[in-house]
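The residues making up each chain are set out below.
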Amino acid sequence: MSYLINPYVFGGGGDPPFWEELGRTTLGSANTDIAVSSFPERTNLMILDHYTGASNSSIVTGSQFNSDTASSYNVRTSVNNAADATLASQNSIENLGFGNTTSAFGVSFVENIAGQEKLLMSNYMSQNGATTASLPPLYQNAGKYADTSAAITTVTQTSDSAYTFDADSEVVVLGYDSTSGGDSVWELVTRKEATAPVVLFTTDTFTPKKYMFVRMLIMGQTTDPLVRFGTGGVVDSGTNYASRYSYNNGSSNTWANGTAFAAGVDGALSSMVEMYISNTADYDKLCFGSAVHNTLNTTTEFHVKWKSVGNQMDVINLFKGATAVADAGSFIEIWGFD
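All of these numbers come straight from a predicted model, not from anything done at the bench.

The rules behind the values
Residues numbered from 1 in each chain as written. Predicted model: local features only at pLDDT ≥ 70, side-chain atom pairs only at ≥ 80, totals over all residues. Heavy atoms only, no water. Pairing = 2+ DSSP bridges. Helix = DSSP H or I, 4+ residues; strand = E, 2+ residues; numbered from the N terminus. Axes fitted to C-alpha atoms, helices over the stretch in contact; angles between N-to-C directions. Buried < 20%, exposed > 50% of the residue type's maximum accessible area, 1.4 Å probe, protein only. Contact = heavy atoms within 4.5 Å. Polar contact = N/O pair within 3.5 Å; in protein donor to acceptor, adjacent residues only side chain to side chain. Phe/Tyr/Trp six-rings, centres within 6.5 Å; stacked < 30°, edge-to-face > 60°. Lys NZ or Arg CZ within 6 Å of the ring centre and 35° of its normal. Salt bridge = Lys/Arg side-chain N within 4 Å of Asp/Glu carboxyl O. pLDDT = per-residue confidence, 0-100.

Observations regarding the sheet that holds strand E2 (residues 33-36)
Logical step 1: Spatially, the 4 strands line up as an open sheet ordered E2-E11-E4-E7, and their pairing is antiparallel. Of all the strands in the sheet, the pair left with one neighbour each is E2 and strand E7 (93-97). Each strand of the sheet is rotated relative to its neighbour by a mean of 20°, with strand direction disregarded.
Logical step 2: Bridge count between E2 and strand E11 (residues 155-158): 4 bridges; the pairing is antiparallel. Each residue of the ladder has a partner; that of alanine 35, found in E11, is threonine 156.

Put into structure tokens, the structure is as follows:
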């Protein structure tokens, strides 16, 4: 069985450093906070949040660490690729303003060194309604927790109000450092490599996981690749996608009622794409990611809602009409955990 080795650490003896699951909290009933407490110290944290809904559309969520509710947090945030806003001396790192009561998904990365201020980067998005005419809002954040007395061993996602997260909302904390070893929480569920130019580049049907990480290398074609998901091994080509995407940190482009979503750029001879997906059966699938292309180092960022309730995604497809979308050596690699 293959596992995801953390890509930022190389060399050394013994087991390589893996992402371990340090703790998880799933709400049994609605609550204003979701706390993952007293997990072992690690210098690198990945926090995955899946909120099943909220009691009020005015809810604003934030991250607190080590049960610190003082004005110890600063954040720079952008909503839908608009101009940055800065919030200093806050009681949390604001990460998401729902704007609706439907589900939401986010991933945060935290540098967690005891004697230094803790730095955070995150991406969050929400479903924003039950149809693909409603576009998913996105929130991109860079923050810090200005404490140098201890490493983070408790994470609380708080609504900072009387509003509540719905039951089954969940926070998962992963971590790694030089002491991490053994089996990673991220398992390789499938890998498909092209052996010749292909018009439809589709993975084999794989065992779905609740949280998914996808890496693609798309080589040799000059067309803008489009991505589709599917369930039961069948790719969905209906108007069930709603997405926002931007190039080179520019303003958002939108595609409502789409038959796919864009993850590339015209003219690129090669692209590397990475994305995270919340793949819970009972909710629309929420996905965000980024890509870099060899054309003038162009970048793409995208946030996608795929309307598919009642099933989990178990196949991914790349295409571009009748034109070959990928040359030999291109691959789609998918990791996941429940």
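Some points on the environment of threonine 77
Logical step 1: Position of threonine 77 relative to the elements: it lies in strand E5 (residues 73-79).
Logical step 2: Threonine 77 gets classed as buried once you look at its relative accessible area, which sits at 11%.
Logical step 3: Separated by 225 residues in the primary sequence, threonine 77 and phenylalanine 302 have C-alpha atoms spaced 17 Å apart.
Logical step 4: Residues within four places of threonine 77 in sequence aside, it is in contact with Ala83, Asp84, Ala85, Gln140 and Asn141.
Logical step 5: Within the structure, threonine 77 has its side chain in polar contact with the backbone oxygen of glutamine 140 (distance 3.5 Å).
Logical step 6: A polar contact of 2.5 Å, which involves the side chain of threonine 77, links it to the side chain of asparagine 141.

Some remarks on the sheet that holds strand E6 (residues 85-90)
Logical step 1: If you walk across this open sheet you meet the 8 strands as E1-E12-E3-E8-E9-E10-E5-E6, and the pairing is antiparallel. Each of the sheet's edge strands pairs with one partner strand only, and the pair in question is strand E1 (20-26) and E6. For this sheet, the mean inter-axis angle between neighbouring strands, taken without regard to orientation, is 15°.
Logical step 2: Here E5 pairs with E6 via 4 bridges, running antiparallel. Bridge pairing in E6 places valine 75 opposite leucine 87.

Observations regarding the packing of aromatic side chains
Logical step 1: Across all of its chains, the model carries 18 aromatic pairs by this definition.
Logical step 2: Geometrically, the ring pair formed by tryptophan 186 and tyrosine 276 is edge-to-face, given 6.4 Å between the ring centres and 65° between the ring planes. Of the two residues, tryptophan 186 sits in the loop between strand E12 (170-176) and strand E13 (187-193) while tyrosine 276 sits in strand E21 (residues 270-278), which places them 90 residues apart along the sequence.
Logical step 3: A residue is classified by how much of its surface remains accessible, and tyrosine 276, at 14% relative accessible area, is buried.
Logical step 4: A centroid spacing of 5.4 Å and a plane angle of 65° characterise the contact between phenylalanine 229 and phenylalanine 261, whose relative ring orientation is edge-to-face. Within this pair, whereas phenylalanine 229 is found in strand E16 (residues 226-231), its partner phenylalanine 261 is found in strand E20 (residues 261-262), the two being separated by 32 residues in sequence. As far as the burial class goes, phenylalanine 229 and phenylalanine 261 line up, both buried.
Logical step 5: The ring of phenylalanine 331 has arginine 191 sitting right over it, with the charged end atom 4.4 Å from the ring centre.

A short note on the pattern of salt bridges
Logical step 1: This structure, assessed with the given rule, holds 14 salt bridges.
Logical step 2: A salt bridge links lysine 192 to aspartate 204; the nearest nitrogen and oxygen atoms lie 3.6 Å apart. Taken together, the residues lysine 192 in strand E13 and aspartate 204 in the loop between strand E14 (200-202) and strand E15 (211-219) connect sequence positions 12 residues apart.
Logical step 3: Judged by relative accessible area, aspartate 204 falls into the partly exposed class, the value being 43%.
Logical step 4: One salt bridge connects aspartate 338 with lysine 209, and the closest N-O pair in it is separated by 4.0 Å. Taken as a pair, aspartate 338 in the segment after strand E25 (331-337) and lysine 209 in the loop between E14 and E15 lie far apart in primary sequence, 129 residues in all.
Logical step 5: By relative accessible area, which is 47% here, aspartate 338 ends up partly exposed.
Logical step 6: Ionic contacts of the salt-bridge type, sharing partners, join the residues Arg191, Glu193, Arg215, Glu274 and Glu333 into one network.

Overview of the confidence of the model for the protein chain
Logical step 1: Residues at a pLDDT of 70 or more form 90% of the protein chain, whose mean pLDDT is 86.
Logical step 2: Ranking the elements of the protein chain by mean pLDDT puts E7 last with 86 and E2 first with 96.
Logical step 3: Scored below 50 in pLDDT, residues 1-14 shows 25 contacts in the model against residues more than four places distant or in partner chains.

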